[in-house]
Amino acid sequence: MMITPILLCGGSGTRLWPLSRKSYPKQFAPLIGSRSLFQDAALRLSGDGFAAPVVLTNADFRFIVTDQLADMGIAPGAILIEPQGRNTAPAVLAAAVHLEQTDPDGLMLVAPSDHVVPDADAFREAVAAGVEAARAGKLVTFGIAPDRPETGYGYLELGRPPREGTVEAIDLTAFVEKPDRARAEAMLAAGNYLWNAGLFLFSVRAIIGAFETHAPGLVAPVRAAVAEGQRDLDFLRLASGPWAEAEDISIDYAVMERASDIAAVPYGGRWSDLGDWHAVWREMERDGDGVAVSGPATAIDCADTLLRSEDEGVELVGIGLQGVIAVAMPDAVLVADAGRAQEVRRAVDALKSRQAKQATAFPKDHRPWGWFESLVVGDRFQVKRIVVHPGAALSLQSHHHRAEHWIVVQGTARVTVGDEVKLVTENQSVYVPLGAVHRLENPGKVDMILIEVQTGSYLGEDDIIRYEDVYSRT
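Below is a short write-up of the structure. In this text, all values refer to a predicted model and were calculated from it rather than measured experimentally.

Spatially, β12-β14-β16-β17 is the arrangement adopted by the four strands of the open sheet, whose pairing is mixed. Of all strands in the sheet, those with a lone pairing partner are β12 (292-294) and β17 (333-337), marking the two edges. Averaged over all pairs of adjacent strands, the angle between strand axes in this sheet comes to 5 degrees, irrespective of strand direction. Direction of pairing for strand β16 (residues 324-328) relative to β17: antiparallel, over a ladder of five bridges. Paired with A328 across the two strands is V333, which belongs to β17.

Another aspect to go through is the pattern of salt bridges. Summed over the entire model, instances satisfying the criterion amount to 25 salt bridges. Its salt-bridge partner being E461, residue K384 comes within 2.4 Å of it at the nearest N-O pair. Note that K384 is positioned in strand β20 (residues 381-388) and E461 in the loop between β27 (448-456) and β28 (465-468), a separation of 77 residues in sequence. Here K384 falls in the buried class, since its relative accessible area comes to 3%. When its relative accessible area of 31% is taken as the criterion, E461 is described as partly exposed. The structure contains a network of salt bridges with shared partners spanning D365, R367, K384 and E461.

Burial along strand β26 (residues 438-441) is two-sided: H438 and L440 facing one way and R439 and E441 facing the other are all buried. Direction of pairing for strand β23 (residues 413-417) relative to β26: antiparallel, over a ladder of four bridges. For R414, the partnering residue across the bridge sits in β26 and is E441.

A grouping of D287, D289, D301 and D304 is seen on the molecular surface, where their side chains present a negatively charged patch. Take D301: it is sitting in the loop between β13 (297-300) and β14 (306-309). On the accessibility criterion, D301 (70% relative accessible area) is exposed.

Here we take up the sheet that holds strand β19 (residues 370-378). On the basis of which strands lie adjacent, the open sheet formed by six strands has the order β18-β19-β20-β27-β22-β25 and antiparallel pairing. Edge positions in the sheet fall to β18 (364-367) and β25 (429-432), since each has one partner strand and no second. Between one strand axis and the next, the sheet turns by 20 degrees as a mean value, whatever way the strands run. Pairing geometry for β18 and β19, over four bridges, is antiparallel. Among the inter-strand pairings, R367 is bridged to a residue of β19, identified as G370.

Rules behind the numbers
- Residues numbered from 1 in each chain as written.
- Predicted model: local features only at pLDDT ≥ 70, side-chain atom pairs only at ≥ 80, totals over all residues.
- Heavy atoms only, no water.
- Pairing = 2+ DSSP bridges.
- Helix = DSSP H or I, 4+ residues; strand = E, 2+ residues; numbered from the N terminus.
- Axes fitted to C-alpha atoms, helices over the stretch in contact; angles between N-to-C directions.
- Salt bridge = Lys/Arg side-chain N within 4 Å of Asp/Glu carboxyl O.
- Buried < 20%, exposed > 50% of the residue type's maximum accessible area, 1.4 Å probe, protein only.
- Patch = residues over 30% accessible without salt bridge, like charges linked within 9 Å, V, L, I, M, F, W, Y side chains within 5 Å.
- Areas by Shrake-Rupley, 256 points an atom, 1.4 Å probe, with all protein chains shown as cover.
- Lys, Arg positive; Asp, Glu negative; His and termini not counted.
- Charge placed at Lys NZ, Arg CZ, Asp CG, Glu CD.

Pasting the structure below:
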């Protein structure tokens, strides 16, 4: 029996600001290694025994999901678009209702897409250990064997301590909320507690039955949202009306903490939810002084410090730092005491109160055809770098308030301006007058890069009139 992975990637956490932002959250960033956390999760749950994944995300991230899966050679079974975030319970139920149509007795493995699990084989072994219990109708969760009295995680209380050298499903006694330090130390010493990893394995039939028993108010709106969903290219957009009626609640609160037939499988390998920059520091390679560096960063006489530059043009240098986190982006820099890493969201709130775009907007604006970034913004002009993937095309569009000059610096562009269509190669340019209907395409096999100079009275991204769009954007 194949297991269908359910990848949840609609979140927009702020505790890893400035790298993680609302427009491009941490699951899509290469925080550890060259792949994104989402790509690592998809790869970890692929291969023998796994069906094509079902992905739950929102409209803003749908093309990022398809691009990152395509880069890994993974074809999704389905991508469900949530009209708005309603927490994990409605998302999991929607995936189950979707799978019920084709495989009501199949197994589904629910996994966040923003965790670090370096030992994929050990993780798959833990999943395999839960299969028998899940087939028998139990709801199976997975917990991490704790190595410290962590107060930032919830815990799972097992009916007995795990047997050393054995990976098995053990009956679960209770879910425990995040403890204080003394309680965390006592649970660590007891030996029968695990960190709650937010991973679940169950049959489609069992979890739908659990919702019908413990959270019946969710069933009707979620079923309606799936049934009335609309196909949009390769996506299924859940119906917004019934979805808005679903309670905003986690699967832990809605079902797992109320159900009785639950088992937990301990996973003893490395794991982190990368909940803050201090957690990232723990997962990175560090020198003998506890210093971790990434990108063009230099540490001089530092200890227990993270220095991370996310831009090749920004050199980050730390001198004599102790227990400091410093993260540099092209448009924002974070410097914080490592012991206060959990408070980064306060910085985001402060920026939002000032309406600073850095609070939510990522420097690179990802689009279904590629991405762009602003290089220079001035009074009545803006300079952008635009990258268009092979075979991709921008919409046929016009602007009310700006003209554009394009200079191709890599590859070949097929440019439409009015009734004229022509190829523009490296070192050639084209002018798009204000109000002209135009389109930009990449007919080649490598990324096409151009520099765009905009001039006009208003340069906002909402000054676009679309006439045709292969990505069905309105």
